[in-house]
Amino acid sequence: MFLVLAAFGLLTLHLLAAALAASHGRRRPAEPSHRPFICLLRPVCGRDRHDRETLGSSFGLDWPDYEIVFCAAHEEDAAVPLVRELIRLHPGARARLLIGEERFTANPKLNNLAKGWAGTEARMIAIADANLMLPRDYLEQLMSEWRPGVGLVSSPPAGGRADGIWGALEASFLNGLQGRWQLAAARVGLGFAQGKTMFLDRSLLDERGGLAALGAELAEDVAATRLVRAAGRSVRLVPRPFTQPIGRRRLRDVWDRQLRWSRIRRKGFPALFALEPLLSPAVPLVMLGVAAPLWILPFLALWYGAEAALCRAMGWPCGRRDLAAWVARDLMLPVLWVATFARQGFEWRGTSMSPAAGRPAA
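Bear in mind that the values here come from a model prediction, so they are computed numbers and not experimental data. (Residues numbered from 1 in each chain as written. Predicted model: local features only at pLDDT ≥ 70, side-chain atom pairs only at ≥ 80, totals over all residues. Heavy atoms only, no water.)

A. Just the overall build of the protein, in detail. Looking only at helices and strands, the protein has 13 helices and 11 strands in total. Along the first, second and third principal axes, the C-alpha set of the protein runs to 65 × 45 × 40 Å. Counting all 362 residues of the protein, 55% fall into the buried class. Partitioning the contacts of the protein with sequence separation of at least 6, the portion at a separation of at least 24 is 81%. Surface exposure of the protein reaches about 15800 Å², of which carbon and sulfur atoms provide 59%. (Helix = DSSP H or I, 4+ residues; strand = E, 2+ residues; numbered from the N terminus. Buried < 20%, exposed > 50% of the residue type's maximum accessible area, 1.4 Å probe, protein only. Contact = heavy atoms within 4.5 Å. Areas by Shrake-Rupley, 256 points an atom, 1.4 Å probe, with all protein chains shown as cover.)

B. Focus on the environment of Ala282. You can see Ala282 is positioned in helix H11 (residues 282-291). Overall, the relative accessible area of 29% leaves Ala282 in the partly exposed class. Between the C-alpha atom of Ala282 and that of Met332, which follows or precedes it by 50 residues, the distance is 9.9 Å.

C. Up close: the sheet that holds strand S7 (residues 197-201). Judged by pairing direction, the sheet is mixed, and its seven strands sit side by side in the order S3-S2-S1-S4-S7-S5-S8 without closing on themselves. The sheet is open, and its two edges are formed by strand S3 (95-99) and strand S8 (234-237), each paired on a single side. Between one strand and the next, the sheet's axes are offset by a mean angle of 25°, whatever the strand orientation. Here strand S1 (residues 38-44) runs beside strand S4 (residues 124-128); their pairing, made up of four bridges, is parallel. The residue of S4 that forms the bridge with Cys39 is Ile125. (Pairing = 2+ DSSP bridges. Axes fitted to C-alpha atoms, helices over the stretch in contact; angles between N-to-C directions.)

D. Quick look at helix H9 (residues 251-268). Given a rise of 1.5 Å per residue, 18 residues ought to cover 26 Å, and the 26 Å separating the end C-alpha atoms of H9 matches this to within 8%. Residues of H9 that are buried: Val254, Gln258, Leu259, Arg260, Trp261, Ser262, Arg263, Ile264, Lys267 and Gly268. (Expected span 1.5 Å × (residues − 1).)

E. Expanded view of the pattern of salt bridges. Counted under the stated rule, the structure contains 27 salt bridges. Between Lys109 and Glu220 there is a salt bridge, with its nearest N and O atoms 2.8 Å apart. Of this pair, Lys109 sits in helix H4 (residues 108-119) while Glu220 sits in helix H8 (residues 220-230), and the two are 111 residues apart along the sequence. Each member of the pair, Lys109 together with Glu220, is buried. Where Arg257 meets Glu170, a salt bridge forms, and the shortest distance between an N and an O atom there is 2.5 Å. Here Glu170 lies in helix H6 (residues 164-187) and Arg257 lies in helix H9, a separation of 87 residues in the sequence. What makes Glu170 buried here is its relative accessible area of 1%. Several salt bridges converge on common partners, so that one network encompasses Arg27, Glu145, Arg147 and Arg236. (Salt bridge = Lys/Arg side-chain N within 4 Å of Asp/Glu carboxyl O.)

Written out as structure tokens, the structure is:
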């Protein structure tokens, strides 16, 4: 009886998270109280399939006064000709490309962004990864969440336009798993920064060491979450995540990316990471298999039915191929969790990254 109650207790938590995430997506933020000059920082490194579209979405945003600063570490970077072409195609935009790298942290993204951070006069800065699609009201949405007590506005990415089963698998990690739990946490006041979008008042960060302060962790979003909370501020998430076009993926691509993020979570938030095996239905299914096998099919119907309802509510992919991807993802989760302990660091675009020595866990 205890195993059955424990299994359905985990199911209840799963259903609650889906309901909270959907509730977060239905929020209607108020109009921004003011419309300051904003700098949109977009780091580029290499070329991805959708870069022309995602980087091109930086232009023509519905905001009265903003500049776009693209940052590349090297002139030879494959994205540089595309960025120059996009700037040339939008002569009325306040946009520029800065090239160079200041290696003051072990994080190549921060090293790339440093020149843009130092070179803008804007106080409000939005950092958006190159593979993120920006809607026309992108800055409007970010500013709508800014209010007293907020130190950072962020958003996890929503996986969209996936090609093939492995692309759908990537989207399933972003949407029904990571997006669901991040939005649910934000709904109860426990927002976590996500590096795809970080919008902040530069004065808060500059007073605490600038971009270098974000290099103390494996990922800048973990460091930003810690810094903002230590300052007595909160992290808020926009109601609906911005889209990251997925395209086609290989299984190895998905595994490597998820393993990298898993190691970041293990180092940054170890107490939460310890609970991650419970995000898969594998543990409660084992419990039911031992104590009440007849409940397995109803359990699975409720588990995946809740994810389907959330995906429909949020406009995320939700078809038969996606259901297969959800099952594959949940089978991967326990294996991925164990594999995370093989080592602490990872390699990102040719750069080996490891935890800063002597840095205590959260």
